[in-house]
Amino acid sequence: MADLDLDSSFIPALHKPSALLPIAKHRESLLYLVETYPVTIVIGQTGSGKSTQIPQFLEKAGWCSDGKIIGVTQSLADVTCQPRRVAATTVALRVADEVGCEIGKEVGYSIRFEDVTSSSTKVKFLTDALLIREALADPLLSRYSVIMVDEAHERSISTDILLGLLKKIRKKRPELRIIVSSATIQAEEFFDFFTRGSGQETQKEQEGRRSSDIVTIVSLEGRTYPIDILYLESPTEDYVDKAVSTVFDIHTQEGEGDILVFLTGREEIDNAIRAVADRALQLDGRHGPLQPLPLYAGLSTEQQMYVFDKPPEGTRKVVFSTNIAEASVTIDGIVHVIDCGFVKLRAYNPKTGIETLTTTPISKASASQRAGRAGRTKAGKCYRLYTEDAYQKLPETNPPEIQRSNLASTVLQLKALGIDNVVRFDFLSAPPAELMSKALELLYSLGALDEYAKLTHPLGSRMAELAVEPMMAKTLLSAPQFNCLSEMLTIAAMTSLGGNVWFYHDGERNRMESSRRKFAAEEGDHLTLLNVYQTFITKGKKEARFCHEHHLNYKSMTRAMSIRAQLKRYLERFNIKIDETLSSNQASSAVDNSRKAENIRRCLTSGYFAHAARMQPDGTYRNVEGGTVLHAHPNSLMFNRKADWVIFHEVMETGEKTYIRDITKIEKNWLVEYAPEFYKLS
DNA sequence: GAGCACTGC
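Residues numbered from 1 in each chain as written. Chains lettered and ligands numbered in written order. Predicted model: local features only at pLDDT ≥ 70, side-chain atom pairs only at ≥ 80, totals over all residues. Heavy atoms only, no water.

1. Some remarks on the sheet that holds strand 5 (residues 123-126)
The strands that make up a sheet are held in pairs by hydrogen bonds between backbone atoms, and each pair lies either parallel or antiparallel.
Reasoning step 1: Ordered in space as 4-3-5-2-6-7-1-8, the eight strands form an open sheet in which the pairing is mixed. Looking at which strands have only one partner, the edges of the open sheet turn out to be strand 4 (114-116) and strand 8 (215-220). When strand polarity is set aside, the average angle formed by the axes of neighbouring strands in this sheet is 20°.
Reasoning step 2: Where strand 2 (residues 69-73) meets strand 6 (residues 144-149), five bridges bridge the pair, whose relative direction is parallel. The residue bridging G71 from the neighbouring strand is I147, located in strand 6.
Reasoning step 3: Relative to the sheet, helix 1 (residues 27-36) contacts strand 1 (39-44), strand 7 (177-182) and strand 8, its axis offset from that of strand 8 by approximately 165°. (Pairing = 2+ DSSP bridges. Helix = DSSP H or I, 4+ residues; strand = E, 2+ residues; numbered from the N terminus. Axes fitted to C-alpha atoms, helices over the stretch in contact; angles between N-to-C directions. Contact = heavy atoms within 4.5 Å.)

Now the structure itself:
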């Protein structure tokens, strides 16, 4: 049995008055450290109360007295049973409650579609992406006296960028206080980052030191519930099968307590649930029933909520989950965790421009986090479906997102923040040079950067402000020339849902497909998505019932409305006129419709020329370079239709094949017409 | 004829 490190300790923070939280006794020393050191790294357990208590300590100690405010960027999912956007709001609500104020007054929050703050707000909870956006208008974030970056060890791109910005801001605003909350393993990395000079030359000198003039580390320990870690004696060939048999071993041999099983994706989860249901029929009467439940992001909200319900008396709940339950969603009552040891990780190949989604061994940090899910209320057990030897060979952490992603929007944002030399930006972990140059090339070809790699105006700066990826931003901004802005707003909103438009239960695939055919447009997926949205708004009256009848994801459709409205506000701010009367005119003639459709296809080509492909006689596609075999994704209308040239929204390699998604037919000569330089070079 | 882990503006 291996040690569990520190992540195994949990306390049920939600049910304790704040004075009893372990953090309360650290109050004085925390305030002293923040006063003394510009940067404080806080190592704290889930439930240590750091995200709710520290901002209150600071406020009471006078950090807002000169009209400045405290900002807390959040991924607060750990204290509630909600995905993090919702969680951010509930934690803000909880702090407001503790302070005794109305939400939006002294304590407020700001997330993408909701700004609940006012001129009296002193403590503001917000997402890190939103704080970066604030820096576009206020580069020194001068409103803030303290900024706390919570759960920084998750290392999202926006967290990494924010930390780089804060380090830069600190040079011009030495009075700014930065608090970084982190898991144990990564604390040293943050310490080194803030201690070293921008050129990294002092790193060696800092070895072994835990404190400098600038940075300090403080650890807030919580009470520990022990978790037994069990390994396999020999590796398994089929972890889904092994997970199912482990569920039955636990059920027949262990005391009460629900089970959480980590698998990698929907298919595995559906299979495992079927297998449990089958085998449960053979259970003898001595054991209570099992209730297997799925949990992954693609489920509707109601389906996700089942996992939080208490099972009937005597029934054992078994939740089969993706990585969503590792950090974003917390389920109470879990005593047993089964960890398959794998996760699907996204990576981006700058040479081919293709994203891959590959099943990869998890890191030790993930393994520890997963195990910790077993012991929130009492001692638990974690069954690792791999050997102890395999565990020892796992990497400490996975590479951060910024080193394995398409950086086009990140680079564009940095440029808009006034960081001209993006390659020399002080990254926590520098991305590979190929990722940077690929991003710069794309932004240049889109016209967002000029030949000196300077941000262009107004095109580049507007693209940076729009909350969609650069290719879609360019498409939107060229839409007025093609007289299709209203339609393109809808298409931008629908494509940014990322494939979650359609919804069906296990075994309902065919019915979903026939629903989808009712909205089909000859020209391809983008026009089909436009039909879906327009029908939802008009005939469907924006109702959930319409979505259920047509196998649409209601949550996604309402989200599309919000995104569309937000994009529209941005364009209005740019003084771009949007004519909404044409698009809702259902009585237009067939000729008008096909002309409109052609304009939309041309407009899409003006932004997505780099995502062009040609169909081969065998029905597969080749991209412009010709190298890669691309398949229309089975969810695409073009999956079994003929085409010549097409553009696509997204390309992704999963398993053996490379799929393109959201595909629309175009004409070859449009590519040369709208991207002459790009296609001259190719 | 076969399938997208998860956030976020």
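2. Digging into the domain arrangement of chain A
Interface size is commonly expressed as the accessible area that is lost once the parts come together.
Reasoning step 1: Here chain A is partitioned into domain 1 (6-220), domain 2 (227-401), domain 3 (414-455) and domain 4 (466-681).
Reasoning step 2: Taking only C-alpha atoms into account, the centre of domain 2 sits 39 Å from that of domain 3.
Reasoning step 3: Counting residues at the interface gives five residues for domain 2, matched by four residues for domain 3.
Reasoning step 4: Buried surface at the junction of domain 2 and domain 3, summed over both partners, amounts to about 360 Å²; 73% is from carbon and sulfur atoms.
Reasoning step 5: Its largest share of buried area at the contact with domain 3, domain 2 owes to Y348, P350 and P400, together 85% of the area lost on that side.
Reasoning step 6: Here domain 2 is connected to domain 3 by zero salt bridges.
Reasoning step 7: Here the side of domain 2 that touches domain 3 is built from residues that sort into three nonpolar, one polar and one charged. (Domains from an automatic or database assignment. Buried area = accessible area lost by both parts, 1.4 Å probe. Salt bridge = Lys/Arg side-chain N within 4 Å of Asp/Glu carboxyl O. Nonpolar A, V, L, I, M, F, W, Y, C, P; charged D, E, K, R; others polar.)

3. So, the environment of F546
Reasoning step 1: Following the sequence through the fold, F546 ends up in helix 20 (residues 544-549).
Reasoning step 2: Between the C-alpha atoms of F546 and T535, which are eleven residues apart in sequence, the distance is 9.5 Å.
Reasoning step 3: With residues near it in sequence (within four places) discarded, F546 still touches F519, T535, F536, G540 and L552.

4. As for empty space enclosed by the protein
Reasoning step 1: Summed over the entire model, instances satisfying the criterion amount to three cavities of 30 Å³ or more.
Reasoning step 2: Taken as a whole, the largest cavity encloses approximately 210 Å³ of empty space.
Reasoning step 3: Around the largest cavity sit 14 residues that line it, and W502, D525, L529, N635 and D662 are the ones nearest its centre.
Reasoning step 4: Here the lining of the largest cavity gets three residues from one element, more than from any other, and that element is helix 19 (residues 525-537).
Reasoning step 5: Classifying every residue of the lining of the largest cavity gives five nonpolar, five polar and four charged. (1 Å grid on protein atoms, 1.4 Å probe; cavity = no way out; pocket = protein on both sides within 12 Å on 5 of 7 lines; lining within 4 Å. Points joined across faces, edges and corners; volume = space filled by probe spheres on them.)

5. With respect to the protein's contact with DNA strand B
Reasoning step 1: Neighbouring DNA strand B are 32 residues, the closest being A297, R346, R509, H633 and E650.
Reasoning step 2: Within 4 Å of the protein, the atoms of DNA strand B are drawn from sugar and phosphate moieties in a proportion of 58%.
Reasoning step 3: With respect to DNA strand B, the backbone of R266 contributes an N or O atom lying 3.3 Å from a phosphate oxygen.
Reasoning step 4: Within the side chain of K344, one N or O atom sits 2.8 Å away from a phosphate oxygen of DNA strand B.
Reasoning step 5: Counting only elements with at least two residues in the surface near DNA strand B, the list comes to helix 3 (84-99), helix 4 (128-137), strand 14 (342-349), strand 20 (645-654) and strand 21 (657-666).
Reasoning step 6: A per-class count over the surface near DNA strand B returns 13 nonpolar, eight polar and eleven charged. (Near = heavy atom within 4 Å. Polar contact = N/O pair within 3.5 Å; in protein donor to acceptor, adjacent residues only side chain to side chain.)

6. Notes on the pairing of strand 19 (residues 629-632)
Reasoning step 1: The side-chain alternation of strand 19 yields one buried face, formed by L630 and A632, and one unburied face, formed by V629 and H631.
Reasoning step 2: The sheet contact formed by strand 18 (residues 621-623) and strand 19 spans two bridges and is antiparallel. In the sheet register, Y621 faces strand 19, and the bridge partner there is L630.
Reasoning step 3: Connecting the antiparallel pair strand 18 and strand 19 is a turn made up of five residues, with G626 showing a positive phi of about 90°.
Reasoning step 4: Pairing of strand 19 with strand 21 involves two bridges; the strand directions are parallel. The partner of A632 across the bridge, within strand 21, is I660. (Buried < 20%, exposed > 50% of the residue type's maximum accessible area, 1.4 Å probe, protein only.)

7. A short note on the packing of helix 13 (residues 408-416) against helix 14 (residues 433-445)
Reasoning step 1: For the pair helix 13 and helix 14, the least separation of the axes is 8 Å and the interaxial angle reads 75°. As the angle between them shows, helix 13 and helix 14 are arranged roughly perpendicular. Within the contact between the two elements, helix 13 uses A408, V411, L412 and K415 and helix 14 uses M436, A439, L440, L442 and L443.
Reasoning step 2: A class-by-class count of the residues in the contact of helix 13 with helix 14 yields eight nonpolar, no polar and one charged. (Parallel < 35°, antiparallel > 145°, perpendicular 65-115°, else oblique.)

8. As for the packing of aromatic side chains
For any two aromatic rings, the description comes down to two numbers: the centre-to-centre distance and the angle of the planes.
Reasoning step 1: By the definition in use, this model includes eleven aromatic pairs.
Reasoning step 2: Between F193 and F194 the ring centres are 5.0 Å apart and the planes differ by 75°, which places this aromatic pair in the edge-to-face class.
Reasoning step 3: The class of F193 is buried, set by a relative accessible area of 0%.
Reasoning step 4: Given the relative accessible area of 5%, F194 is considered buried.
Reasoning step 5: When the centroid spacing of 5.0 Å and the interplanar angle of 80° are considered together, the rings of F425 and F427 count as edge-to-face. Residue F425 shares its accessibility class with F427, and that shared class is buried.
Reasoning step 6: One aromatic cluster is present, formed by W502, F519, F536 and F546 through successive ring pairs.
Reasoning step 7: Across the ring face of Y391, the terminal group of K364 is positioned such that the distance to the ring centre comes to 5.8 Å. (Phe/Tyr/Trp six-rings, centres within 6.5 Å; stacked < 30°, edge-to-face > 60°. Lys NZ or Arg CZ within 6 Å of the ring centre and 35° of its normal.)

9. Structural notes on the environment of R404
Reasoning step 1: Looking at the element boundaries, R404 is found in the loop between helix 12 (388-392) and helix 13.
Reasoning step 2: Taking the C-alpha atoms as reference points, R404 and L527, separated by 123 residues in sequence, lie 32 Å from one another.
Reasoning step 3: Contact partners of R404, with chain neighbours within four places excluded, come to L345, R346, A347, Y348, P399 and L435.

10. What to know about helix 8 (residues 266-280)
Reasoning step 1: The end-to-end C-alpha separation of helix 8 is 21 Å, in line with the 21 Å expected for 15 residues at 1.5 Å each.
Reasoning step 2: Within helix 8, the full set of buried residues consists of E268, I269, D270, A272, I273 and V276.
Reasoning step 3: Against the buried residues of helix 8 lie helix 7 (239-253), strand 11 (290-295) and strand 12 (316-321). (Expected span 1.5 Å × (residues − 1).)

11. Re the pairing of strand 3 (residues 107-111)
Reasoning step 1: Where burial is concerned, most of strand 3 is hidden: five out of the five residues are buried.
Reasoning step 2: The alternating pattern of strand 3 places V107, Y109 and I111 and G108 and S110 on opposite faces, both of which are buried.
Reasoning step 3: Strand direction decides the pairing type here: strand 3 and strand 5, joined by four bridges, are parallel. By the bridge assignment, V107 is partnered in strand 5 with V123.
Reasoning step 4: With three bridges joining them, strand 3 and strand 4 adopt antiparallel strand pairing. The residue bridging I111 from the neighbouring strand is E114, located in strand 4.
Reasoning step 5: The loop that links strand 3 with its antiparallel partner strand 4 comprises two residues.

12. Let's talk about the packing of helix 19 against helix 22 (residues 590-608)
Reasoning step 1: Two elements in contact, helix 19 and helix 22, have axes separated by 10 Å at closest approach and are oriented at 120°. Relative to helix 22, the element helix 19 lies oblique. Note that helix 19 runs across helix 22; the crossing there is right-handed. Each of H526, L527 and L530 in helix 19 lies in contact with helix 22, whose residues at this interface are A597, I600, R601 and L604.
Reasoning step 2: Its residues assigned to classes, the contact of helix 19 with helix 22 shows five nonpolar, one polar and one charged. (Left-handed = near helix turned anticlockwise from the far one by under 90°.)

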